[in-house]
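One-letter residues, chain by chain:
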Amino acid sequence: MLDELRSQVLEANLEIVRHGLVLYTFGNVSGIDRQAGLVAIKPSGVSYEIMTPEDMVITDLNGKIVEGSLRPSSDLGTHLLLYREFPSIGAVVHTHSEYATAWAQAGRSIPAYGTTHADYFYGPVPVTDELSAADINGDYVHNTGLAIIRRFHNIDPDAMPAVLVAGHAPFCWGKTASDAAHNAVVLEAVARMAFFTATLNPDQQGISQTLLDRHYFRKHGTNATYGQQRGNHL
Ligand SMILES: [Zn+2]
């Protein structure tokens, strides 16, 4: 079942390992087949070296296992809430990548300091509020998702494919598993550069709205001109 999606999700899991975003088995990627209403997610605690497409666990949007003998990633509940609340996304990536996690632990959103950031993230990468004791003692994984949804009240998830969960780490998303993994890798690079920028110049407020717009809309939206997909513009 969902062979193509399983392979894409496995490949994205390996991609974030190749880029140094994952220690041991900390990260997880899932992807969704919107027509089937089914999610493929990395199994919990299985070493990446031996992971196969068959190991991916298939669940419905309520977390009921439809196919698979392994337990799904323990972060499944957060992934599922994001799929239910953000209907345009096709995949979710969670890592504890070092620099993005440092910003999450500091409780700071990542300012848009430069054009690398602006090419991918339309504005500061937001950080959630801290979870309350009741949130943590209750359905913690689901409540982590709720903290993200609350933070995105006025933010378009298509224009901001990443969030920092306060005291925890980033979640990223995209149209496909490969796309979401790509965003997670770029987020880590942007977080690293932002750390150096803030260190070198604590007064830096970020790039202008004009430069942010110039770079973001070069790659996104109906007037995008970057890359080969609209060859008549190049
Ligand atoms: Zn985590």
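Q: Whenever I open this one, the coordination of the zinc ion confuses me. Can you help?
A: Reference values for angles at a metal are 109.5 degrees in the four-donor tetrahedral case and 90 or 180 degrees in the six-donor octahedral case. Binding of the zinc ion to the protein goes through His94 (NE2), His96 (NE2) and His168 (NE2), at separations of 2.0 to 2.1 Å. We note that the donor set of the zinc ion lies within a single chain, spaced as H-x1-H-x71-H. The exposure class assigned to His94 is buried, which follows from its relative accessible area of 1%. For His96, a relative accessible area of 33% translates into the label partly exposed.

Q: Before we go on, may I ask you to explain helix α2 (residues 76-85) in this structure?
A: In an α-helix there are 3.6 residues to a turn, and that puts residues three or four apart on one side. Counting buried positions along α2 gives seven out of ten residues, so the element sits mostly inside the fold. Leu76, Thr78, His79, Leu80, Leu81, Leu82 and Tyr83 are the residues of α2 that are buried. Residues of α2 that are buried make contact with β1 (28-33), β2 (38-41), β3 (57-60), β5 (91-94), α6 (140-151) and β7 (170-174).

Q: Can you help me understand the pairing of β5 in this one?
A: Consecutive side chains of a regular strand alternate in pointing toward one face of the sheet and then the other. Judged by which residues are buried, β5 turns out to be covered on both faces: Ala91 and Val93 on one side and Val92 and His94 on the other are all buried. One ladder, built from four bridges, connects β1 with β5; its direction is antiparallel. What sits directly across from Ser30, in β5, is Val92. Across four bridges, the pairing between β5 and β7 is antiparallel. In the strand pairing of β7, Val93 is matched with Cys172.

Q: Explanation requested: the packing of helix α1 (residues 3-18) against helix α7 (residues 177-200) in the structure shown.
A: Packing of α1 against α7 brings their axes to within 8 Å, and their N-to-C directions diverge by 15 degrees. Between α1 and α7, the interaxial angle falls into the category roughly parallel. Judged by the sense of rotation from one axis to the other, the crossing of α1 with α7 is right-handed. In this structure, α1 uses Gln8, Val9, Ala12, Glu15 and Ile16 to contact α7, whose residues at the interface are Ala177, Ser178 and Ala181. In terms of residue class, the contact of α1 with α7 is made up of five nonpolar, two polar and one charged.

Q: Please clarify how the pattern of salt bridges should be interpreted in this entry.
A: When the charged atoms of two side chains lie near each other, side chains of opposite charge can form a pair. The tally for this structure, following the rule as stated, stands at six salt bridges. As a salt-bridge pair, Asp135 and Arg150 come within 3.9 Å of each other at their nearest N and O atoms. Note that Asp135 is positioned in helix α5 (residues 133-137) and Arg150 in helix α6, a separation of 15 residues in sequence. Accessibility expressed as a relative area gives 17% for Asp135, which makes it buried. One network of salt bridges, in which partners are shared, links Glu11, Glu15 and Arg18.

Definitions and cut-offs
- Residues numbered from 1 in each chain as written.
- Predicted model: local features only at pLDDT ≥ 70, side-chain atom pairs only at ≥ 80, totals over all residues.
- Heavy atoms only, no water.
- Donors = N, O, S within 2.8 Å, 3.2 Å for Na, K, Ca; no water.
- Buried < 20%, exposed > 50% of the residue type's maximum accessible area, 1.4 Å probe, protein only.
- Helix = DSSP H or I, 4+ residues; strand = E, 2+ residues; numbered from the N terminus.
- Contact = heavy atoms within 4.5 Å.
- Pairing = 2+ DSSP bridges.
- Axes fitted to C-alpha atoms, helices over the stretch in contact; angles between N-to-C directions.
- Parallel < 35°, antiparallel > 145°, perpendicular 65-115°, else oblique.
- Left-handed = near helix turned anticlockwise from the far one by under 90°.
- Nonpolar A, V, L, I, M, F, W, Y, C, P; charged D, E, K, R; others polar.
- Salt bridge = Lys/Arg side-chain N within 4 Å of Asp/Glu carboxyl O.

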